[in-house]
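# Chains, contacts and geometry: an overview
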2 protein chains.
Amino acid sequence: MAELLLYIAARAQHVHELIEPALHAGKLVLCDRFFDATLAYQGGARQLPFKLVKELNDLATHGLKPRLTFLLDCPVELGLRRAKERYAEKVGAKAGDRMEQEEIAFHERVREAYLAIARQEPNRMIVLDATQNIDALQEQILQEMNDPLILCSAL
Amino acid sequence: MAELLLYIAARAQHVHELIEPALHAGKLVLCDRFFDATLAYQGGARQLPFKLVKELNDLATHGLKPRLTFLLDCPVELGLRRAKERYAEKVGAKAGDRMEQEEIAFHERVREAYLAIARQEPNRMIVLDATQNIDALQEQILQEMNDPLILCSAL
């Protein structure tokens, strides 16, 4: 619960200080993780009530929603290996961060929760195959973003 | 909002890791500040909705309430002078902490909110005159706690 509340506190400050002013200035905002991550990690994986997580997310975002979300999906083992490699490069420790140290079943629940959101909100969330290499994936994202139909449905 | 959520996160962890295990072990728990402080500071002084602050407090405490609360009340100027003296002794800076740096009107709203809680819950909250010196105040608290009628009404 404390972990959930800390993420919500960070989100409230982030939305108020950065995202809302940027939107009011007419800027395009790109986020790496947003409220879906809290639903997937604290709701899906930690099994706190989804209803509570949603209410707290709304409190922090004032109901603000991304127009378009890309879910970079891949098997848990591959995702974890990549995350731990990044962590080792950055921090120099092999164990991974607080989340990455969790067991495989935890990460399976995270993935399942993300995929469930994508099924519930197919117009907002586009699932991409993240087993591809980074260049192919980037190309695909750019194509999706340039598709006028997708941007229209998102707007 | 972020400040409120940080206090609630700290409270959730405090209740779960310290207070609930102590109560389950049959111990008497003494707290210096608890959820009333969040109502007074973030509700009364920062003017976030009381209903929201109460709901978040309940989330963190699972509805747990102190049986007895002493409100050490004094004029804002005196309270602030004492707080800043303590802060200067401890930290070596004269400005006071995040809260103590707020304007007088802020602290008047804190005091008013505490007194309002005391009016709403006279059986739980005992208001003491904190302009007295520390020995007189301590004596009075001990007397109140030894009064079987008060402990009974609190239990």
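About the cut-offs
- Residues numbered from 1 in each chain as written.
- Chains lettered and ligands numbered in written order.
- Predicted model: local features only at pLDDT ≥ 70, side-chain atom pairs only at ≥ 80, totals over all residues.
- Heavy atoms only, no water.
- Axes fitted to C-alpha atoms, helices over the stretch in contact; angles between N-to-C directions.
- Helix = DSSP H or I, 4+ residues; strand = E, 2+ residues; numbered from the N terminus.
- Parallel < 35°, antiparallel > 145°, perpendicular 65-115°, else oblique.
- Contact = heavy atoms within 4.5 Å.
- Nonpolar A, V, L, I, M, F, W, Y, C, P; charged D, E, K, R; others polar.
- Phe/Tyr/Trp six-rings, centres within 6.5 Å; stacked < 30°, edge-to-face > 60°.
- Buried < 20%, exposed > 50% of the residue type's maximum accessible area, 1.4 Å probe, protein only.
- Lys NZ or Arg CZ within 6 Å of the ring centre and 35° of its normal.
- Least-squares fit on C-alpha atoms with pLDDT ≥ 70 in both.
- Salt bridge = Lys/Arg side-chain N within 4 Å of Asp/Glu carboxyl O.
- Left-handed = near helix turned anticlockwise from the far one by under 90°.

## Examining the packing of helix α4 (residues 76-91) of chain B against helix α5 (residues 104-120) of chain B
Residues and elements named next belong to chain B.
- Two numbers describe how α4 lies on α5: the axes approach to 10 Å, and their chain directions differ by 105 degrees. Taken together, α4 and α5 sit at an angle that is classed as roughly perpendicular. Facing α4, whose interface residues are Val76, Glu77 and Leu80, α5 presents Ile104, His107, Glu108 and Arg111.
- Taken together, the residues of the contact of α4 with α5 break down into three nonpolar, one polar and three charged.

## Let's talk about the packing of aromatic side chains
All names here are of chain A.
- A full pass over the atoms with the stated rule returns four aromatic pairs over all chains.
- Their ring planes at 40 degrees and their centres at 5.2 Å tell us that phenylalanine 34 and phenylalanine 35 sit as a pair that is tilted. In this pair, the class of phenylalanine 34 matches that of phenylalanine 35, namely buried.
- For the cation-ring pair, arginine 11 lies above phenylalanine 34, with the distance from its terminal atom to the ring centre recorded as 5.5 Å.

## Overview of the relation of the copies chain A and chain B
- Structural alignment of chain A on chain B gives an RMSD of 0.0 Å, achieved by rotating through 180 degrees and translating 0.0 Å along the axis. Those values place the two copies in the arrangement expected of a two-fold rotation axis.
- A share of 100% of the interface residues of chain A reappears at the interface of chain B, consistent with the copies meeting face to face through the same patch.

## Points about the interface of chain A and chain B
- Opposite the 11 residues of chain A that make contact, chain B presents 11 residues.
- Counting across the chain A and chain B interface gives zero salt bridges.
- Here the element with the most residues in the side of chain A that touches chain B is helix α1 (residues 2-24) of chain A; it accounts for seven residues.
- For the side of chain A that touches chain B, a count of residues per class yields 10 nonpolar, one polar and no charged.

## Overview of the packing of α1 of chain A against helix α3 (residues 50-61) of chain A
Residues and elements named next belong to chain A.
- Between α1 and α3, whose axes approach to 8 Å, the crossing angle comes to 30 degrees. Between α1 and α3, the interaxial angle falls into the category roughly parallel. Note on packing geometry: the crossing formed by α1 with α3 is right-handed. Together, Leu4, Leu5, Ile8, Arg11, Ala12, Val15 and Glu20 of α1 and Leu52, Val53, Leu56, Asn57, Ala60 and Thr61 of α3 make up the contact between the two elements.
- For the contact of α1 with α3, the per-class residue count stands at nine nonpolar, two polar and two charged.

## Structural notes on helix α2 (residues 35-45) of chain B
All names here are of chain B.
- Burial runs high along α2: 11 of the 11 residues are buried.
- Buried within α2 are the following residues: Phe35, Asp36, Ala37, Thr38, Leu39, Ala40, Tyr41, Gln42, Gly43, Gly44 and Ala45.
- In this fold, the buried residues of α2 make contact with α1 (2-24), α3 (50-61), β1 (69-73), α5 and β2 (125-129).
- Among the residues trailing α2, glutamine 47 stands out with phi positive, at a value near 65 degrees.

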